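One letter stands for each residue in the lines below.
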Amino acid sequence: MTSQPEQRSKVARRALLGTALGTAAAAALPTTAHAEEPSQGMPPAAADGTGRPWRLRDTMTTDGAWATFLRGQDLRWSRLPTRWYEGPFLGDGLLGSMIYQEPDAGRIRFTVQHGRVQDHRPEFGSGWGTCRLPVGHLTLDPVGTITAVDWRLSLWNAELTGTVTTTAGTLTLAALIHDEVLAVRARADGDERVVWTFHPEEAISPRRISEAPPAGYTANPPWTTRTAPDGTEQVLQPLTGGGRTATAYRSTGDDLLVSVGHSFPSDTAAEADSLRNLRRAKSYGSLRRRHTRWWHAFYRKSFVSFPDQRLQSFHWIQLYKVASASRAGGPVMATSGPWLEPTPWPAVWWNLNVQLEYWLIHGSNHLELDALATTLRQNQEQLIANVPAAYRADSSGVGRSSDMFANRGVGRPGTGAEVGDLTWALHNAWLSYRHSMDESLLRDTIHPVLRRAINYYLHFLTPGSDGRLHLPSTLSPEYPVVPPQDTNYDLALIRWGCRTLIESAELLGIDDELIPRWQQVLARLTPYPVDGNGFMIGADTPYAQSHRHYSHLLMVYPLYLVNWDQPESRELIRKSVEHWHALTGAHRGYSYTGAASMYAMTGDGDTAIGYLRKFFDPTTRYPCQANTHYTEAGPVIETPLSASQSLHDMFCQSWGGVIRVFPAVPTAWADVTLHDFRTQGAFLVSAVRKAGTTRFIRVKSLAGEPLTLRHGLTGTLTALLDDGTPARTRDLGDGTLAIDLPKGREVLVHSGPRPDLVIAPVAVSEPGPAWGLP
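Owing to the predicted nature of the structure, the values given are computational and were not obtained by experimental measurement.

Thresholds, definitions, all that
Residues numbered from 1 in each chain as written. Predicted model: local features only at pLDDT ≥ 70, side-chain atom pairs only at ≥ 80, totals over all residues. Heavy atoms only, no water. Salt bridge = Lys/Arg side-chain N within 4 Å of Asp/Glu carboxyl O. Helix = DSSP H or I, 4+ residues; strand = E, 2+ residues; numbered from the N terminus. Buried < 20%, exposed > 50% of the residue type's maximum accessible area, 1.4 Å probe, protein only. Pairing = 2+ DSSP bridges. Contact = heavy atoms within 4.5 Å. Phe/Tyr/Trp six-rings, centres within 6.5 Å; stacked < 30°, edge-to-face > 60°. Axes fitted to C-alpha atoms, helices over the stretch in contact; angles between N-to-C directions. Parallel < 35°, antiparallel > 145°, perpendicular 65-115°, else oblique. Left-handed = near helix turned anticlockwise from the far one by under 90°. Nonpolar A, V, L, I, M, F, W, Y, C, P; charged D, E, K, R; others polar. Core = buried A, V, L, I, M, F, W, Y, C linked by side-chain atoms within 4.5 Å.

For the rest of this paragraph, the subject is the pattern of salt bridges. In the structure shown here, the tally under the stated rule is 36 salt bridges. Among the ionic pairs, Asp-308 bridges to Arg-613, the shortest N-O distance being 2.9 Å. Here Asp-308 is found in the loop between β17 (303-305) and α6 (309-325), whereas its partner Arg-613 is found in helix α17 (residues 605-616), with 305 residues between them in sequence. Given a relative accessible area of 34%, Arg-613 falls into the partly exposed group. Ionic pairing is found between Arg-400 and Glu-418, a salt bridge with its closest N-O pair at 2.8 Å. Residue Arg-400 is found in the loop between α10 (380-385) and β19 (401-402), and its partner Glu-418 is found in the loop between β19 and α11 (421-436); the two are separated by 18 residues along the sequence. On the basis of relative accessibility, which here comes to 29%, the residue Arg-400 falls in the partly exposed class. What emerges from the salt-bridge pattern is a single network uniting Glu-102, Arg-107, Arg-109 and Asp-141.

Both strand β10 (residues 169-178) and strand β11 (residues 181-190) contribute to a ladder of 10 bridges, which runs antiparallel. For Ile-177, the partnering residue across the bridge sits in β11 and is Leu-182. Counting the residues between successive antiparallel strands, the hairpin from β10 to β11 contains 2 residues, one of them, Asp-179, with a positive phi of roughly 50°. Relative to strand β16 (residues 255-263), β11 runs antiparallel, the two being bridged by 5 bridges. Counterpart to Val-184 in the pairing with β16 is Leu-256.

What follows is about the side chain of Gln-625. In this fold, Gln-625 is placed in the loop between α17 and α18 (638-651). The residues contacting Gln-625, other than those within four sequence positions of it, are Tyr-85, Tyr-630, Thr-631 and Trp-771.

Attention shifts here to the packing of aromatic side chains. Tallied over the entire structure, the rule returns 42 aromatic pairs. For the ring pair Phe-314 and Trp-771, a centre distance of 5.9 Å and an interplane angle of 50° mean the geometry is tilted. With a gap of 457 residues between them, Phe-314 in helix α6 and Trp-771 in the loop between β35 (758-759) and β36 (772-773) connect regions that are remote in the sequence. The exposure class of Phe-314 is buried, given its relative accessible area of 0%. According to the relative accessible area criterion, Trp-771 is buried, its value standing at 2%.

In this section: the environment of Gly-106. With respect to the helices and strands, Gly-106 occurs in the loop between β5 (95-101) and β6 (108-114). Taking relative accessible area as the criterion, Gly-106 reaches 45% and is therefore assigned partly exposed. In the structure, Gly-106 is positioned 34 residues away from Leu-140 in sequence and 9.3 Å away in space, judged by C-alpha atoms. With residues up to four places along the chain from it excluded, the contact list for Gly-106 reads Gln-101, Pro-142 and Ile-146.

Backbone torsion omega between Phe-264 and Pro-265 reads 5°, so that peptide bond is classified as cis. The amide bond that connects Tyr-557 to the next residue, Pro-558, takes the cis arrangement and shows omega of 15°. With respect to the helices, strands and loops of the structure, Pro-558 is situated in the loop between β24 (534-535) and α15 (570-582). A positive phi angle is found at Glu-180, which is not glycine, with a value near 65°.

Right, let's get into the sheet that holds strand β31 (residues 717-721). Note on sheets: strands pair through backbone hydrogen bonds, and any given pair is parallel or antiparallel. If you walk across this open sheet you meet the 6 strands as β17-β27-β28-β29-β34-β31, and the pairing is antiparallel. Of all the strands in the sheet, the pair left with one neighbour each is β17 and β31. Mean inter-strand twist for the sheet, computed between neighbouring axes without regard to direction, equals 20°. Relative to strand β34 (residues 746-751), β31 runs antiparallel, the two being bridged by 5 bridges. If you follow Ala-719 over to β34, its bridge partner there is Val-749.

This next bit is on the packing of α6 against α18. When two helices pack together, you describe them by how their axes are tilted relative to each other and by the distance separating the axes. Between α6 and α18, whose axes approach to 9 Å, the crossing angle comes to 125°. Taken as axis vectors, α6 and α18 run oblique relative to one another. As for the relative orientation of α6 and α18, their crossing is left-handed in sense. Counting all contacts with α6, which are made through Leu-311, Phe-314, His-315, Gln-318, Lys-321 and Val-322, the residues of α18 involved are Pro-640, Leu-641, Ala-643, Ser-644, Leu-647 and His-648. Taken together, the residues of the contact of α6 with α18 sort by class into 7 nonpolar, 4 polar and 1 charged.

Next up on the list: the nonpolar core. Grouped together as the largest cluster of nonpolar side chains are 216 residues, with contacts concentrated most on Trp-151, Tyr-299, Trp-316, Phe-651, Trp-669 and Val-747. At 12 residues, helix α13 (residues 488-508) tops the list of elements feeding residues into this core. Excluding anything up to four places from it in sequence, Val-747 contacts Trp-54, Ile-697, Arg-698, Val-699, Leu-707, Ala-719, Leu-720, Leu-721, Ala-727, Ile-739 and Leu-741. Membership of the second largest hydrophobic core comes to 12 residues, among which are Leu-176, Val-181, Ala-183 and Tyr-284.

Here the focus is the packing of helix α12 (residues 439-458) against helix α14 (residues 515-524). Two numbers describe how α12 lies on α14: the axes approach to 12 Å, and their chain directions differ by 55°. Taken together, the axis directions place α12 and α14 in an arrangement best described as oblique. Here α12 and α14 pass one another in a crossing that is left-handed. Contacts from His-447, Arg-451, Ile-454 and Leu-458 in α12 reach Arg-517, Trp-518 and Val-521 in α14. Considering only residue class, the contact of α12 with α14 consists of 4 nonpolar, 1 polar and 2 charged.

Before going further, it helps to examine the sheet that holds strand β32 (residues 729-733). Read across the open sheet, the 5 strands follow the order β25-β26-β30-β33-β32; overall the sheet is mixed. Unpaired on one side and paired on the other, β25 (652-653) and β32 mark the two borders of the sheet. Pairing analysis gives 4 bridges linking strand β30 (residues 707-710) to strand β33 (residues 736-739), with the strands arranged antiparallel. Each bridged residue has a counterpart across the sheet, and for Leu-707 the counterpart in β33 is Ile-739.

Note that every value here comes from positions in space, so none of it alone points to a role or purpose.
Next up, the structure:
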């Protein structure tokens, strides 16, 4: 590859974005920006006060407003949870704890698990050799018999508080996790006493609940204990494959502090890390001050409110959950996040789970949580090593499941292997780029890794007698029949990958020698196999049995290669989604969240919410659980997180170069407020809907990208920049406006007289109980 000058004209860049993103809107913008000139395609707006600066009145600017609002979303417990998916949960993206009754005992368990703690024996696969490993748990052992609890998990403070009533008295608790320290404060009244016990757990794969260890597997050595000079207790767990886990804990007065360190290949660094974390924490109070500052700043980055209390609370709990489970630079989420429990899936799954885990960070304006993109950047050598040796010169891949370092080989097309998972994961990284417009992410991660992922496919694409390029047999994830060729899962990813590589090369000013090859693939790749029921699994393989994944529909969602803006595709989309859900039996929670997002794309909010509600219906085979977690044969964190993305898709979409505001709001939700919702192009969108009508939309540009807005407004439109001057616009029809919005500027769009520009919670019209066990 040879580098070209990176400076490109605004005209060329807009034309590129318009073509690559599937819309002519960007190219239709004027080539120069004159914000002071009258808007095109609309009458003068003097009656509305043109020339008068405007600003939003945000009622969510004080700690008091946020504390009050989020208190209404808190989880509550009036009875003791007996399972992990009923109880409170705490985390900081690394260390995690779930709180529930110790099985078959009158004690309260605080699990102590850590996202970096894993085995290091890849010869035994991701299920055993590089799996997440258990650490241990604390128990609070009351003197009396527990008769009641009154607990609240405060989202605003990310803290569990409450009481435990026993036949001997009362225990008052507070707990949080911050900077890899679990801190608990407990006081006893009456004849009760505070008694803590740490229970180390055997360092063996949680997968043992479903199968025996593989041949040749030897158990890890037993743990040992020691007391540090300052009185801190430590449990040391050496590992057969190298490395060590160290758990340190110390009681001082009412406070108990616990920290976990893990090191590999070093077998001593873990000890020092766990002790250093405790020294830094000092006490519950000092740790809490740092902790609440972080969380209070976190929530302020965006705001959404809608009138369904149960779902609104659920949405805010998912933001709390993803921030408890992930952080950029930390371990990419395994299927259980940092909360390890017995499970057949103690690893990272790349064929749907990891993708769904991270979608909601984009719209909610929390790209700081993107451990997936950093995992791909940091482990590029491993991704190369994952492909067969003959292809490592130019290819990369990852198998279905891996450890946090993406260590898992990928099979060859032609053998029925699952091949496309790395390319799909790169789509998540692309979304992070599009929502941030961070060119370093495109240059250092997406373009080089995607180039190698698509290269792996190119080795196996062969022309058929029809002159088209065909792919030999590969697996559509989770579907039990391997197509003889042309799996739709892979065809969609190849098309998306080639388009994205061409676009990224131009954005980066790279004259890539493979551009003609990518263009040739796009021109000659065989069409998606389709039959009378819609998209097939692959050539000669219809969708004929119930399928929980939507791998055969990836071109519809989330890639949007086949979408509702293409009138010729609408019937195919409709019958494909209907047929997918007509065959029941294998459907799981994400089958419903996926369908909800697909119907949101069509603009049908009522059908979308109907599918989403199936995930919350307790009569569904695998519903959302009491604390908003989800389980099948074990914990699977991605499904509730994807349900929040389904809500995002009802409120705001930004695919194809067009921002769509309130595209699929259910009829019953007459009032909705969005504030600083982040979209592709690095825009922050604020919008208010009242009585079923959009009142105003404000868009702020963080990167100066072309803005195309599908506003949903009727009547005479006004578009004003933040200084009150008319914005330069172009009416593209179909309720869509192209707006010239310079970087750092804001535009207000509304119809009729200027409305009240107030950002505030909406009134609840559909009450519901708190999550937890209220």
